[in-house]
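Each chain is listed here by its residues.
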Amino acid sequence: MKLYLKSLSMHLRGELEYRVNFILSFLSQIFVFFTYYFIILALFTKFDHIKGFTLYEVLLCFSIIQFGFSFNEVFARGIDKFDVLIIHGNFDRLLLRPKNIILQVLCSDSDFVKVSRMIQALIVMGIALIHLEISWNLFRILCLLFMLISSCVIFFGIFLAAAAYCFFTVQGLEVRNVFTDGGKHMAQYPIGVFQKGFVLFFTFVIPYAFVNYYPLLYFLGRSNSIYYAFSPLLVFFFLFPCILLFYFGMRRYTSVGS
Amino acid sequence: MRAYFTYFKLKFISSLQYRMAALAGIATQFFFGFVYIMVYIAFYESGSHHTPMSMAQVVTYLWLNQALLALVNQFSREEELFKIIKDGGISYELIRPKNLYFMWYFKVIGQRLANVLLRFFPLIIVTSLLPSPFHFGLPASFSHFLLFLFSLVLGTLLVTALTVFYPIVTLTTMNEKGIVNLMISIADILSGIVVPIPFFPTFLQKISSFLPFQYISDLPFQLYVGTISFEKGLFGMMIQFIWIILFLIIGNFFMNQSLKRVTVQGG
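These figures come from a predicted structure and were not determined experimentally.

Enquirer: Is there a simple way to think about the overall build of chain B in this case?
Expert: Looking only at helices and strands, chain B features twelve helices and zero strands. For 267 residues, the compact-globule estimate of 2.2 N^0.38 gives 18 Å, and the C-alpha radius of gyration of chain B, at 19 Å, lies within 12% of that figure. Along the first, second and third principal axes, the C-alpha set of chain B runs to 60 × 40 × 35 Å. Buried positions account for 42% of the 267 residues belonging to chain B. Across chain B, the fraction of contacts at a sequence separation of at least 24, relative to all contacts at a separation of at least 6, is 82%.

Structure below.
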């Protein structure tokens with residue numbers, strides 16, 4: 001942990017060396033993020049609800065998923081850009097060191113510009129929460145926290161699985177976007193609004209539904225089942241196969257040399 | 001003219017080499033087409049009082065978008081042009097006794113055409129065989145279809161003029177981040193690629209009609225599905241034409257200006 005924090009501060013200082021560039025990118029990221037929820041805002045000027053969910057409910061759903069994704073873009077950038085490590089042969093260097101390998105990959109890169117997205121996601125969430133009338137209680141607060149945490153966990157798992165995929169193909173193909181960006185795009189809306197097959201896929205294969213659908217139902221008072229409040233914790237089970245997959249891929253790893 | 005055409009051919013052929021990448025691209029675009037369409041289906045099934053397009057029209061619009069994305073998208077940046085500006089490769093380009101602007105212009109258009117040719121047909125053929133909510137429909141009428149073809153050609157010329165313009169800005173600033181990225185993300189929204197223009201709030205539709213971005217792909221696509229009348233389409237094509245001329249003039253002017261003071265990076 002100490003090692004990771006140290007590398008984070010190193011990357012941060014590195015980025016701040018190019019101050020103007022950092023500020024400009026930070027600002028343009030704010031706008032880029034806006035394009036993400038622009039589609040939701042625009043569609044809700046023409047439609048009143050999506051299968052019973054109102055604008056602010058969808059925005060809440062959206063902000064939870066985006067927060068977790070940006071969180072990983074900032075802090076798990078090394079895993080996101082894993083194919084670069086492999087192609088340049090730098091992964092061999094990491095293997096030589098006597099430290100946990102996932103930790104080292106985490107330390108290899110980070111992208112602080114994307115903090116702007118995390119902040120914006122939290123602002124959108126705040127706005128949504130103000131407009132929604134939520135009868136707060138301890139379980140609802142816990143539920144919200146669980147949703148945020150599980151959102152970070154699920155994308156960490158997906159990034160790891162995508163990285164494991166690089167062991168076999170060397171180059172990270174466009175296809176992996178299907179699972180990260182495509183899944184993310186759907187999970188911006190309450191998953192239940194889509195056709196049955198997709199709901200099942202995003203419940204049992206990639207468990208987005210446990211991140212921001214079932215708990216959302218409890219949070220908004222549409223379901224009284226207390227289990228729904230704790231369902232985000234199930235996402236941790238998704239993490240194990242992802243980690244195993246990564247280690248399995250690593251055993252088969254042959255260096256590309258350089 | 002012959003020389004420029006050779007540039008076009010060169011880029012075209014070399015882009016055709018990446019067939020595997022195209023295959024992966026097609027698969028991805030299929031998936032994203034489905035994802036986008038499903039969001040709209042969910043909205044339409046919820047019912048609404050005033051939708052600007054019918055669901056079949058939206059679906060056809062979205063498939064056109066996916067099929068022609070490689071041709072008309074405004075978010076892909078010409079990395080190669082940015083690179084030669086930064087690493088000094090531009091000096092080789094300057095030695096050649098041809099207009100640099102049009103050299104770049106034909107390179108970009110060749111690349112775009114090659115990319116789209118590989119992806120367009122499989123996507124359109126498969127999607128027109130799909131059953132109802134996902135079905136890719138026929139054009140609104142024959143005259144609409146003709147206008148669609150012409151305005152698509154104009155839109156391609158316009159988007160190329162626009163993408164060549166970004167590296168030219170980089171000639172003076174030497175850094176394409178910041179301003180160029182900002183312009184690209186504005187273009188991304190106002191092009192109608194994220195949401196078709198008719199779904200915009202009214203004030204944004206007004207603003208957008210004074211900017212070039214919606215005349216690249218939104219106009220031809222709307223002509224195809226028939227949400228724009230024949231007369232309005234003709235008027236729109238006139239505006240396309242004006243924007244193309246404007247960007248060609250501005251681009252050429254800026255390029256000549258900055259080439260007078262260009263610093264070659266590296267040796």
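Enquirer: How should the overall build of chain A be read in this particular structure?
Expert: Secondary structure assignment for chain A yields 15 helices and zero strands. Taken over C-alpha atoms, the radius of gyration comes to 19 Å for chain A, in line with the 18 Å a tight globule of 258 residues would show. Along the longest, intermediate and shortest principal axes, the C-alpha atoms of chain A span 55 × 40 × 35 Å. Counting across all 258 residues of chain A, residues that qualify as buried make up 38%. Restricting to contacts in chain A with at least 6 residues of sequence separation, those with at least 24 account for 77%.

Enquirer: When you look at the packing of helix α2 (residues 19-46) of chain A against helix α8 (residues 115-131) of chain A in this model, what are you seeing that I'm missing?
Expert: The angle between the axes and the distance between the axes are what describe a pair of packed helices. Residues and elements named next belong to chain A. One way to put it is that α2 packs onto α8 with a least axis distance of 9 Å and a crossing angle of 45°. Put simply, α2 runs oblique to α8. At the point where α2 passes α8, the crossing takes the right-handed sense. On the side of α2, the interface is formed by F26, Q29, I30, F33 and Y37, while α8 contributes S116, R117, Q120 and V124. When the residues that make up the contact of α2 with α8 are grouped by side-chain class, the tally is five nonpolar, three polar and one charged.

Enquirer: For this particular structure, what's the right way to read unusual backbone geometry?
Expert: Generally, phi is negative for residues other than glycine and the peptide bonds are trans, each holding for most cases. Even without being a glycine, K51(A) presents a positive backbone phi close to 50°. Secondary-structure assignment places K51(A) in the loop between α2 and α3 (55-75).

Enquirer: What is the right way to read the interface of chain B and chain A from this model?
Expert: Size of an interface: often given as the accessible area lost when the parts come together. Listed by partner, the interface residues are 29 residues for chain B and 30 residues for chain A. Contributing elements (two or more residues each) for the side of chain B that touches chain A: α2 (19-45) and α9 (179-190) of chain B. It is α2(B) that provides the largest number of residues to the side of chain B that touches chain A, a total of twelve residues. Along the lines of polarity and charge, the residues of the side of chain B that touches chain A split into 17 nonpolar, nine polar and three charged.

Enquirer: Can you help me understand the confidence of the model for chain B in this one?
Expert: Detailed reading of predicted coordinates is not advised where the pLDDT is low. Looking at chain B, pLDDT values average 84 and 95% of them are 70 or higher. Reported confidence for the predicted complex is 0.82 by ipTM and 0.85 by pTM.

Enquirer: In this structure, what is going on with α2(B)? I would like to understand it.
Expert: A turn of α-helix holds 3.6 residues, and therefore any two residues three or four places apart point the same way. In this model, α2(B) (27 residues) spans 38 Å end to end at C-alpha, consistent with the 39 Å of a helix rising 1.5 Å per residue. Inspection of α2(B) places A22(B), G25(B), I26(B), Q29(B), G33(B), F34(B), Y36(B), I37(B), V39(B), Y40(B) and F43(B) among the buried residues, and these make up the whole buried set. On its buried side, α2(B) packs onto α2 of chain A together with α3 (55-67), α4 (69-72) and α7 (100-129) of chain B.

Enquirer: Mind showing me how you'd approach the nonpolar core here?
Expert: Proteins that are soluble and globular tend to have nonpolar side chains buried together. Ranked by size, the top nonpolar core spans 126 residues in total, and within it F159(A), A163(A), V211(A) and L158(B) carry the most contacts. At 18 residues, the largest contribution of residues to this core is made by helix α9 (residues 138-169) of chain A. Once you skip the residues sitting within four places of it in the chain, A163(A) turns out to touch I79(A), F82(A) and F246(A).

Enquirer: What is the right way to read the environment of E15(A) from this model?
Expert: Residue and element names in this part refer to chain A. With respect to the secondary-structure elements, E15 resides in helix α1 (residues 2-16). Since 17 C-beta atoms lie within 10 Å of it, E15 is described here as partly exposed. For E15 and S110, which are 95 residues apart along the polypeptide, the C-alpha to C-alpha distance reads 9.6 Å. In contact with E15, other than residues within four places in its own chain, are F22 and F112.

Enquirer: Quick question: what am I supposed to make of the packing of α2(B) against α3(B) here?
Expert: Residues and elements named next belong to chain B. Following both chains from N to C, one finds α2 and α3 inclined at 160°, their axes separated by 10 Å at the closest point. Taken as axis vectors, α2 and α3 run roughly antiparallel relative to one another. Read as a crossing pair, α2 and α3 show a hand that is right-handed. For the pair α2 and α3, the contacting residues are Q29, F32, G33, Y36, I37, Y40 and Y44 in the first and M55, V58, V59, L62, W63 and Q66 in the second.

Enquirer: Could you clarify how one ought to interpret the environment of V108(B) in this entry?
Expert: Residue and element names in this part refer to chain B. Among the secondary structure elements, V108 is positioned in helix α7. Note: C-alpha distance between V108 and A56 (52 residues apart in sequence) is 33 Å. Once you skip the residues sitting within four places of it in the chain, V108 turns out to touch E78, T160, T163 and V164.

Enquirer: I keep staring at the environment of S185(B) and nothing clicks. Help me out?
Expert: Turning to its location among the elements, S185(B) is positioned in helix α9. Separated by 111 residues in the primary sequence, S185(B) and Q74(B) place their C-alpha atoms 8.7 Å from one another. Excluding residues that lie within four positions of it along the chain, S185(B) makes contacts with S28(A), F31(A), V32(A) and T35(A).

Basis of the calculations
Residues numbered from 1 in each chain as written. Chains lettered and ligands numbered in written order. Predicted model: local features only at pLDDT ≥ 70, side-chain atom pairs only at ≥ 80, totals over all residues. Helix = DSSP H or I, 4+ residues; strand = E, 2+ residues; numbered from the N terminus. Rg over C-alpha atoms; globule rule 2.2 N^0.38 Å. Buried ≥ 20, exposed ≤ 12 C-beta atoms within 10 Å, placed from the backbone. Contact = placed C-beta atoms within 7 Å. Axes fitted to C-alpha atoms, helices over the stretch in contact; angles between N-to-C directions. Parallel < 35°, antiparallel > 145°, perpendicular 65-115°, else oblique. Left-handed = near helix turned anticlockwise from the far one by under 90°. Nonpolar A, V, L, I, M, F, W, Y, C, P; charged D, E, K, R; others polar. pLDDT = per-residue confidence, 0-100. Expected span 1.5 Å × (residues − 1). Core = buried A, V, L, I, M, F, W, Y, C linked by C-beta atoms within 7 Å.

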